Structure formats: structure tokens, C-alpha cells
Amino acid sequence: MLFSELCSYWEKIEATSSRLEMAKLFAELLSKLKREEVRPVIYLSEGLLLPSHHGLELGLGIKLMFDAISFSTGYPIKKIEQLFKQKGDIGLVAQELFTKKLQASLFEKKLEIAEVYSILKSLAELSGKGSQEAKLKQLSELLNSSSPSEAKYLARFCVGTMRLGIGEPTIIDSLASIRIKKILSSLNGLEYNSQFYSFESSQALSALDSPTLELNIKSSTDLEFLEEKNVSLVFQEGKTALLKVSKIKQVEDGYIFVFEQFKKTIRYPIERAFNFSNDLGKVAEYTLFDYKKIEEFKIEVFSPLRPALAERLSNAQEIIEKIGPCAADAKYDGFRLQIHKEGKRVELYSRKLEKVSASFPEICKAVEGLALNSCIFEGEAVAYNPKEKKYYPFQMTIKRKRKYQIEKMQQELPLHLFVFDLLYADGIDYSNLAFEQRRKELQRLIKEKPPIFHSDLKLVSNAAELQNFFEKCIKNGLEGIIAKDLSSPYIAGAREFAWIKLKKSYGKLADSIDAVIVGYYLGKGQRAEFNFGGLLVAVKNSQTQKLETIAKLGSGFSEEEMKNLENILSKIKIDKKPPQLISNLIPDFWVEPKIVVSITADEISLSPIHTCNWKNNKGFALRFPRMLSIRTDKGIDEITTSQEIQRLYLLQFSSKPKQ
Ligand code: ATP
């Protein structure tokens, strides 16, 4: 496919705000691709060169982009900077200037997707002396062959702001819809106890846009007895799929069979494969060209799983009512690591699934020494103060996530790794086993030897025991506990009740909130010496994918944090409100929504000021919000959702645990 055709799909996707419409357009685009084009198109649409765990970043600064645009269009840098200030979007700047180029290109050729992708990848691989000049040269050459629309997306991609508005769930929807189309076109009939009821594919009444499949079966005999029974759908290729008939409606010439949750059934294995690989390109390629690999999807070393996340409840009693006797696991406030080993190679992945191995050499060394050839397990790394025999808080531990002065920091802040889950070891996939078995195997296979320790875990059978263990953890300076359902498999990439966190109390809230900074205010009074007086922060509505404000944050900052924030935020200032944000407030400066902060508050209340979950002219707002930390380990996709805020709001009415 030509790159220009891809760009015209991106234009259409960007222009719609309907998720359904986006999924349709994306499915149409995917259906036109050759196999080798699928991964590049998925990655580029996500704004990536490869999934995050490969650690391959383009890292082109805005200044280099100004130079490249100037080089290709003939406009002076000053003019480009000015236009960028006005528009706040390098893509729109490039598009405008390429429409009225001052100089003609020496030669123009039509760009293919594969070619563009490989040039961008080779740009990312350039490093060392002279690499900036080489990058500028190659980028300018690429831009020379670009149309205004191509230049717009190239410019945005290179500086890391694609802004297509299409997220991973929508891409998975479009893959599911392609799969449904294929299934519908190959449907042959329905079978129950060797009895065959035939129909044609065209008699499938819905499914693509609705979550339900309805099949029209012409029959004069009574088929109502099939309601709530499992039947096999038979395909022309001789395959079958077992599905439950949810409802049967009688019509003039037969029956309509209703299969509820059909879309979810089809979507599930695709989503699962993504959660188990963090590689949407691979998953899309398999869904379109090698579906068997999706059905039999296996976890692989060095392809990290999207982490399992914990739900919240307010007290021990609620937890026992929800999951019964369970494992109470001490909750350490550190840095989550997913650890992969094969032979002598060890890689560590952060919660965002970035490769962070280089920052933690002592952990890599300890893992290398394990008596296993290959394994995947998870743990929380916490910085330890050996003199005082105390663990440092998260803000200190996070200082270890750095690219420079690693040895010095290793001396200052040595780490302990508390391992809590095992997913794979020497050819055996443990992820589908119950937690109870996984934990036994973890203790058997990953032996304790400093800096590796097992997390402190206790099996509890009632609320009183759970409460006791929680109180002990708080006394020991921990954050709380995570209660784990003994029978649950590892649920990658989802926040489920298989894990339930119970944290020490911050006011009425059952949990802290991770929000993204969307703007900031200038300092007044004592703070006037800084250019920083407070933050406007937002959470994400998971249904609309919009950002919605929840608090104006004016306290909880140390002087160092204020300086740090001022420094970071002044670099990502934009002139207009971020397009995906819904806000009633206008701060002194808007910023690109990138920086995540963890906050707490006395309570969540309803107010006409903030737009979180906006209904009847009111939204959720935080009362007396305070910043806890800057979460460099979290990206904008990991922030708290408006739907979670609603659940936290309701949890305020349950009683809190003693501490
Ligand atoms: P979340 O991960 O739920 O989005 P978060 O990153 O803000 O939220 P918390 O809510 O504080 O973190 O708790 C979940 C995190 O707790 C895990 O992601 C993991 O990093 C950490 N953790 C600490 N101890 C454990 C443990 N024993 N088992 C599982 N996770 C643990």
C-alpha cells in the first residue's frame, strides 16, 4: 500500500470521534494490507516503531524537526517556530508549509509504507557522533518526497504526537469485526446432538456492529427446546464452534436464534493474545493471516505480559465476602518489575513495559544466578537503607530508574526485590494455573537469596485474620495488602477482583488516584519565585476516551518537586486546550497530557467545576487534593478512569478498616 493511502485513512480516523466509526475505518484499512504491511501499519498508527518493550525510540526533538521542515520547504526556522507557537501542532505546521513550498523537490516519488517504516526505523537506530546530522539528512530526504498530508503525519510521528485518537481497544474491536465477517461468510449450519439445521450465511441477521449474533433458521418443526442449550456452529471449512443459544424468537417461517455476547466471544482470544504479548502488530498479523496462532497463543520469554491490576474494596469484610478465604500478600511501595530470563540473558520490564534492565544491574545479576534456564516472574523492587534497616518510600526508589550514574545510585540506594508471582519456567506456562499453585511453584523455583526475597504472604480464612495481617503490614511501614483469589489464573492486562488492594487510609478514599497534568497555574505570594502555582489534573473516561478534569492541585509539593515540575511543564506547554480534554476551567498554561501524578484527597464529592463523569451539570471532584508523587513509571494509558472514580465515590460509603 502507498503511504499516501495510509495517511488518507488516518485523516478520516482523526476526523471522527465515534469509536464504532473508527473501528470500521481501521478494519477497512487492515483488510487491504499485505501480510508484511500489517505490523508497520499497526505500530505507526500507535505512534510506535516497535512495541514499547523493544525500547526502540525515534527520539527526534522538535528542533531537529524544525530544521528538517526548513530544509525541505525553504522556509526559515523563525517562520516555522512562529507557526508552531500559533498552532501548537507540528503536523499542522508541516502540512501548511508543504502546501506552499518555496522550493520544488529535486525528485518526487510515491512512498510505500514498507519504505517509510524502514527509513524511520533506521533513523532510530542511528546513534553516536554525527548521528544528529545523519538523522536530519535522511529525514529531509524522506520529507522531500512527501505530500502535505504525508508530511503532517511524518512530522507528528517523529516528535511522538500522532494524536489519531484510536486506542488499543478500538484496534482490537476492528480485528474482531474482521474475524466476525469471516466467520459469518463461512457459516453453514447449526448442530445439536448430531441433528443438523441448515441455513445460509446471509441469514445471519446481525453481529458486526452489535454484540449479538442472530441467525434465521427456516423450519416447520419446533426448535424452541434448543433455548439455553449449547449448539455447534458449523463452518464451510469443516470447523465448529460451541456456543450457547441465549434466546429463541419464533417468526413466520421459522425461528431466530439469538447468541448474546457473540462479539465478546470472538474478541476475547484476540484481546487475550494482546494481553499476553503486548504486541498488537503481531496479534493483528496472526488474526488476519494465521488465526490458529491466536487460538493457541503462548507466552514467550522477552515478550512481556501486560500486568495484572488490582481492584479496590474498603475493608477486610468486603474482601472475604467477595473472594472467600484468600492469600493476603504484603503490598510494597516500590517499582514493579517483570523479569524475563533465558540462558544468560536477563531483561527487566517496568509496569509500562519499558525495558529497564540497564538501571538495575544487581537484580539482573541475581536473576542470572537462578538455577533455571528460562523463566518469567514478577516482583516489586524497593530501595533499602541498610544502616537504618528501613525501606525507603516510592519517591526514593524511583530515583533508581535512570540511564546515567547507575553505579553511584546502586551504592546509595541498594534494592531488595520482593517476588510475588510466577508466570513461566523452563517450558511450563504457569499463567493459567490457580494463584495457590503459582505461588507454591514460585517458592519452590525462585529461591530466596539477597537481594531476592519472597513477598510476605499469609493465607487467611476470615475477615479478622485478614484485618490482623493488614494491621501488621501497616505497622511494618508498608502500604497495605493485596488480597489474592486462590483459585484465579493470572489475569493479564485487566483490573479484576482476582487481586484486591486494601491500602492504609488517606481520608475517605480507598485508594490514591493517578491523574495526568493538563495545565498549570502561575505562582502567587510565596510561590511567586517559581513560575508554578498549582496543577490542573484529569482522569480518562474509558468509554469516550476523553480526559476529564477532577482537581486543581495546590498542595503536597516539596520545593524540589515544584522546581522539577516547573522545569518539565514549561517544556511541554501548548497554546490550546489538549483536543481530547473536556474542561470547564482555563489554567494559565495548557500542557501536553503526558505527566502522571499520584494524588490523594479527603474525599470525592460532586461539583459543577470539574467534568469527571459529567451528569446533570455536575462532575466528580477531589476535596482537599494533595500530591503524593510524580509517577514516571506510569503513562497516560495507565491513569485512573472516570468509571473507577465513580466506584471509589461509592466505596466512600462503606466503613474503612482500623489501622
Ligand atoms: P495499579 O497498579 O492498581 O494501577 P498503582 O500502580 O498506583 O495502581 P497500587 O494501586 O499502589 O499501584 O497497587 C498495585 C501495585 O502494587 C502493583 O502494580 C505492584 O507494583 C505493587 N505491589 C506491591 N506489592 C505487591 C504484591 N505483593 N503483589 C502484587 N503487586 C504488588
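If you're wondering where the values come from, they're calculated on a predicted model, not measured in any experiment.

Cut-offs and rules
- Residues numbered from 1 in each chain as written.
- Predicted model: local features only at pLDDT ≥ 70, side-chain atom pairs only at ≥ 80, totals over all residues.
- Heavy atoms only, no water.
- Helix = DSSP H or I, 4+ residues; strand = E, 2+ residues; numbered from the N terminus.
- Rg over C-alpha atoms; globule rule 2.2 N^0.38 Å.
- Buried < 20%, exposed > 50% of the residue type's maximum accessible area, 1.4 Å probe, protein only.
- Contact = heavy atoms within 4.5 Å.
- Areas by Shrake-Rupley, 256 points an atom, 1.4 Å probe, with all protein chains shown as cover.
- Lys, Arg positive; Asp, Glu negative; His and termini not counted.
- Charge placed at Lys NZ, Arg CZ, Asp CG, Glu CD.
- Salt bridge = Lys/Arg side-chain N within 4 Å of Asp/Glu carboxyl O.
- Near = heavy atom within 4 Å.
- Polar contact = N/O pair within 3.5 Å; in protein donor to acceptor, adjacent residues only side chain to side chain.
- Nonpolar A, V, L, I, M, F, W, Y, C, P; charged D, E, K, R; others polar.
- Phe/Tyr/Trp six-rings, centres within 6.5 Å; stacked < 30°, edge-to-face > 60°.
- Lys NZ or Arg CZ within 6 Å of the ring centre and 35° of its normal.
- Domains from an automatic or database assignment.
- Core = buried A, V, L, I, M, F, W, Y, C linked by side-chain atoms within 4.5 Å.

## Thoughts on the overall build of the chain
Argument step 1. Scanning the chain from terminus to terminus reveals 21 helices and 30 strands.
Argument step 2. The C-alpha radius of gyration of the chain comes to 27 Å, within 12% of the 26 Å expected for a compact globule of 659 residues.
Argument step 3. Residue burial in the chain is summarised as follows: out of 659 residues, 55% are buried.
Argument step 4. When contacts within the chain are restricted to residue pairs at least 6 apart in sequence, long-range pairs at least 24 apart make up 70% of them.
Argument step 5. For the chain, the computed accessible surface area is about 29,900 Å², with 51% contributed by carbon and sulfur atoms.
Argument step 6. Positive and negative side-chain charges of the chain, numbering 96 and 85 respectively, have mean locations separated by a distance of 4 Å.

## Comments concerning the environment of Leu 433
Argument step 1. Tracing the sequence through the fold places Leu 433 in the loop between strand S15 (428-429) and helix H18 (435-445).
Argument step 2. A residue is classified by how much of its surface remains accessible, and Leu 433, at 29% relative accessible area, is partly exposed.
Argument step 3. Taking the C-alpha atoms as reference points, Leu 433 and Ala 366, separated by 67 residues in sequence, lie 26 Å from one another.
Argument step 4. Leu 433 has contacts with Arg 438, Ser 488, Pro 489 and Tyr 490, leaving out every residue within four places of it along the chain.

## Focus on the pattern of salt bridges
Argument step 1. Here the structure, examined in full by the defined rule, presents 51 salt bridges.
Argument step 2. Between Lys 218 and Asp 253 there is a salt bridge whose closest N-O contact spans 3.4 Å. Taken together, the positions of Lys 218 in strand S3 (residues 213-218) and Asp 253 in the loop between strand S6 (247-251) and strand S7 (254-259) put the pair 35 residues apart, joining distant regions of the chain.
Argument step 3. For Asp 253, a relative accessible area of 39% gives the class partly exposed.
Argument step 4. Between Glu 603 and Arg 623 there is a salt bridge; the shortest N-O distance is 3.2 Å. Of this pair, Glu 603 sits in strand S27 (residues 603-607) while Arg 623 sits in strand S29 (residues 618-623), and the two are 20 residues apart along the sequence.
Argument step 5. One network of salt bridges, in which partners are shared, links Arg 312, Lys 331, Glu 479, Arg 495, Lys 501, Lys 503, Asp 511 and Glu 644.

## So, the site of the ligand
Argument step 1. Not every one of the 20 residues close to the ligand is listed here, only the nearest: Lys 331, Arg 351, Glu 380, Arg 495 and Lys 501.
Argument step 2. Between the ligand and Tyr 332, the relevant distance is 3.1 Å, taken from a nitrogen atom to a main-chain nitrogen or oxygen of the residue.
Argument step 3. Starting from 600 Å² of accessible surface for the ligand in isolation, the protein chains cover 96%.
Argument step 4. Those elements that provide at least two residues to the shell around the ligand are strand S9 (326-331), strand S18 (480-484) and strand S19 (495-503).
Argument step 5. Broken down by element, the residue count for the shell around the ligand peaks at four residues, all from S19.
Argument step 6. In the shell around the ligand, the residues fall into six nonpolar, no polar and 14 charged.

## Examining the packing of aromatic side chains
Each aromatic ring pair is specified by the distance between its two centres and by the angle formed by the two planes.
Argument step 1. By the definition in use, this model includes 14 aromatic pairs.
Argument step 2. Taking 4.0 Å as the distance between ring centres and 5° as the angle between the ring planes, the aromatic pair formed by Tyr 332 and Phe 418 counts as stacked. Remark: Phe 418 occurs in strand S14 (residues 415-425) and Tyr 332 occurs in the loop between S9 and strand S10 (335-342); sequence separation between them is 86 residues. Phe 418 carries the same exposure label as Tyr 332, and that label is buried.
Argument step 3. Taken together through their ring pairs, the aromatic side chains of Tyr 332, Tyr 384, Tyr 391, Phe 418 and Phe 453 make up a single cluster.
Argument step 4. The ring of Tyr 521 has Lys 552 sitting right over it, with the charged end atom 4.5 Å from the ring centre.

## Structural notes on the domain arrangement of the chain
Argument step 1. If you check the domain split of the chain, you get domain 1 (3-165), domain 2 (169-265), domain 3 (309-503) and domain 4 (513-651).
Argument step 2. Put simply, the middle of domain 2 and the middle of domain 3, counted by C-alpha atoms, are 44 Å apart.

## Overview of the nonpolar core
Argument step 1. By size, the foremost hydrophobic cluster in this structure holds 90 residues, and its most contacted members are Trp 10, Ile 42, Leu 58, Leu 120 and Leu 139.
Argument step 2. With residues up to four places along the chain from it excluded, the contact list for Trp 10 reads Phe 3, Leu 44, Ser 45, Tyr 153, Met 162 and Leu 164.
Argument step 3. Residues Ile 323, Tyr 332, Ala 515 and Ile 630 belong to the second largest nonpolar core, which totals 56 residues.

## Re the side chain of Gln 338
Argument step 1. With respect to the secondary-structure elements, Gln 338 resides in strand S10.
Argument step 2. Residue classification places Gln 338 among the buried positions, given a relative accessible area of 2%.
Argument step 3. A polar side-chain atom of Gln 338 sits 2.8 Å from a polar atom in the side chain of His 340.
Argument step 4. Beyond its immediate sequence surroundings of up to four residues, Gln 338 is in contact with Pro 304, Leu 305, Glu 347, Leu 348, Tyr 349, Leu 353, Ile 376, Phe 377 and Glu 378.

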